Amino acid sequence: MAKILKGRPVSAKMTEETAEKVKILSEKGIIPTLAVVRVGSKSDDIFYEKSILAKGDEAGVAVKLFHYKENIDGEEFLKEIEKLNRDETVNGVLIFRPLPSQIDDAAVCRLLDPKKDADGITPGSMGGVFTGSGEGFPPCTAQACIEILDYYGLELEGRKTAVIGRSLVVGRPVAAMALERNATVTLCHSRTPGKDMKEVLRKADIIIAAVGKLEMIKGDDIGEDQVILDVGINADEEGRMRGDVAFEEAEKKAACITPVPGGVGSVTTAVLMRHVVKAAERKANL
Ligand code: NAP
């Protein structure tokens, strides 16, 4: 049976380290502050917002909530982002996406100041991930995958790593980050022929699944003794949260696997808080 790579201890260790840094900043009169921007009231956003508030409390990071009506005018919303860019009391900004269709998502990503881009959505942050320029921040979920591997002492160097999904939120940045750690990376997506993807999955040492399709990766699709990070969040017929990997089948073959829930998702807010504190440190030239 596979070792279960729980996110909770990873998150706890990171939050402890972040809280130590917050203490040092507070001695200088600096309170790291995150602005959370929510348009409308999607239940997933509200759930995530609650976990951000709880993690902010734990880490000592102040969280300010900015709520807007679902039908806010697109131009007006951009002006709100400009205000947050100028707001000296705000170090980091997290915007719940997808945004309603009247808001130009690409314009929002371009507009947000990369220095405050705590969830790595701006082209500046993407540049940071892909070129190592140090600008902005990596997307929190992608970074959470790396944190889990590091915490459990699982090396990427020289390991065949299959990343399934190529979004800018998870797949592509995590692939770039694994490459930076000298993994041999193969990125699969919806146009990858099924037989090719199965071959990549079976031969991989590490699998990172970020698709958003309920238990798409079955026990028969994978090899033996692999490390599996399941980023997917899907609801099953009974409304329970499940991953992209059929957990019960995979845990019989894998060396280690993250659970859903309680895996990658539970590390994401710890990464977010770390980014806010880092932004505050950079601003103070620390
Ligand atoms: P996304 O933007 O919808 O991207 C999904 C990716 O999966 C796309 O690149 C798509 O390929 C690929 N894909 C779709 N069907 C596929 C198939 N049959 N075979 C191979 N690849 C396929 O989703 P996302 O934002 O990356 O999120 C992925 C999952 O992670 C979702 O379940 C989401 O809820 C979860 N998530 C979790 C967290 C967390 O904190 N734990 C955070 C963010 C996301 P194409 O590019 O070809 O369309």
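Our subject in this report is the structure included herewith. Since the model is a prediction, treat every value here as computed from it, not as a measurement.

Every one of the 20 residues lining the ligand counts as a neighbour, but Arg166, Ser167, Ser190, Gly212 and Ile233 are closest to it. Interatomic distance of 2.7 Å between a backbone N/O atom of Arg166 and an oxygen atom of the ligand. One of the side-chain N or O atoms of Ser190 is found 2.5 Å from an oxygen atom in the ligand. Starting from 920 Å² of accessible surface for the ligand in isolation, the protein chains cover 69%. Looking at the shell around the ligand, its residues break down into 8 nonpolar, 10 polar and 2 charged.

For strand β2 (residues 33-39) and strand β3 (residues 62-68), the ladder comprises 7 bridges, and the chain directions are parallel. Bridging across to β3, Val39 finds its partner in Tyr68. Once the chain exits β2 it traverses helix α2 (residues 43-59) before rejoining the sheet at β3, and the crossover so formed is right-handed.

Attention now goes to the packing of helix α6 (residues 140-151) against helix α10 (residues 265-283). In a packed pair of helices, the relevant descriptors are the angle between the two axes and the axis-to-axis distance. It is at 8 Å that the axes of α6 and α10 come closest, and there the two elements cross at 105°. With respect to their mutual orientation, α6 and α10 come out roughly perpendicular. Residue-level inspection shows Cys140, Thr141, Gln143, Ala144, Glu147 and Ile148 of α6 in contact with α10, the latter providing Val267, Thr268, Val271, Leu272, Arg274 and His275. In terms of residue class, the contact of α6 with α10 is built from 6 nonpolar, 4 polar and 2 charged.

This paragraph deals with the state of the cysteines. In the structure shown here, the tally under the stated rule is 0 disulfides. Looking at Cys109, it has no disulfide partner, and the nearest cysteine sulfur is the one in Cys140, 14 Å off. Given a relative accessible area of 8%, Cys109 falls into the buried group. Looking at the unpaired Cys188, the closest cysteine sulfur is the one in Cys145, lying at 16 Å. For Cys188, a relative accessible area of 2% gives the class buried.

Within the largest apolar cluster, 49 residues are counted, with the highest numbers of intra-cluster contacts made by Leu34 and Ile52. Counting residues per element, the ones that place at least two in this core are α1 (8-27), β2, α2, α6, α7 (171-180), β7 (206-209), β8 (227-230) and α10. Take this core: its biggest share by element is 8 residues, from α10. When sequence neighbours within four positions are dropped, the list of residues in contact with Leu34 reads Ile52, Val61, Ala62, Val63, Lys64, Gly92, Val93, Leu94, Ala118, Leu272, Met273 and Val276. Counting 19 residues, the second-largest nonpolar core is a separate cluster that includes Ile72, Val90, Val93 and Leu112.

All right, on to the sheet that holds strand β4 (residues 92-95) then. The strand order across the open sheet built from 3 strands is β3-β2-β4, with neighbouring strands paired in parallel fashion. Taken across any chain shown, the strands that pair with only one partner, and hence form the sheet edges, are β3 and β4. Across the sheet, the mean angle separating the axes of adjacent strands is 20° when strand polarity is ignored. When β2 meets β4, the two strands line up parallel, connected through 4 bridges. Opposite Val36, over in β4, you have Leu94 as the bridge partner. Contacts from helix α3 (residues 74-86) reach β2, β3 and β4, with the element oriented near 175° to β2. Against the sheet, α10 makes contact with β2, β3 and β4, and its axis sits at roughly 125° relative to β2, the strand it touches most.

Rules used throughout
Residues numbered from 1 in each chain as written. Predicted model: local features only at pLDDT ≥ 70, side-chain atom pairs only at ≥ 80, totals over all residues. Heavy atoms only, no water. Near = heavy atom within 4 Å. Polar contact = N/O pair within 3.5 Å; in protein donor to acceptor, adjacent residues only side chain to side chain. Areas by Shrake-Rupley, 256 points an atom, 1.4 Å probe, with all protein chains shown as cover. Nonpolar A, V, L, I, M, F, W, Y, C, P; charged D, E, K, R; others polar. Pairing = 2+ DSSP bridges. Helix = DSSP H or I, 4+ residues; strand = E, 2+ residues; numbered from the N terminus. Right-handed = clockwise from strand over helix to strand, strands pointing away. Axes fitted to C-alpha atoms, helices over the stretch in contact; angles between N-to-C directions. Parallel < 35°, antiparallel > 145°, perpendicular 65-115°, else oblique. Contact = heavy atoms within 4.5 Å. Disulfide = S-S within 2.5 Å. Buried < 20%, exposed > 50% of the residue type's maximum accessible area, 1.4 Å probe, protein only. Core = buried A, V, L, I, M, F, W, Y, C linked by side-chain atoms within 4.5 Å.

All quantities given are derived from atomic positions and should not be read as evidence of function.
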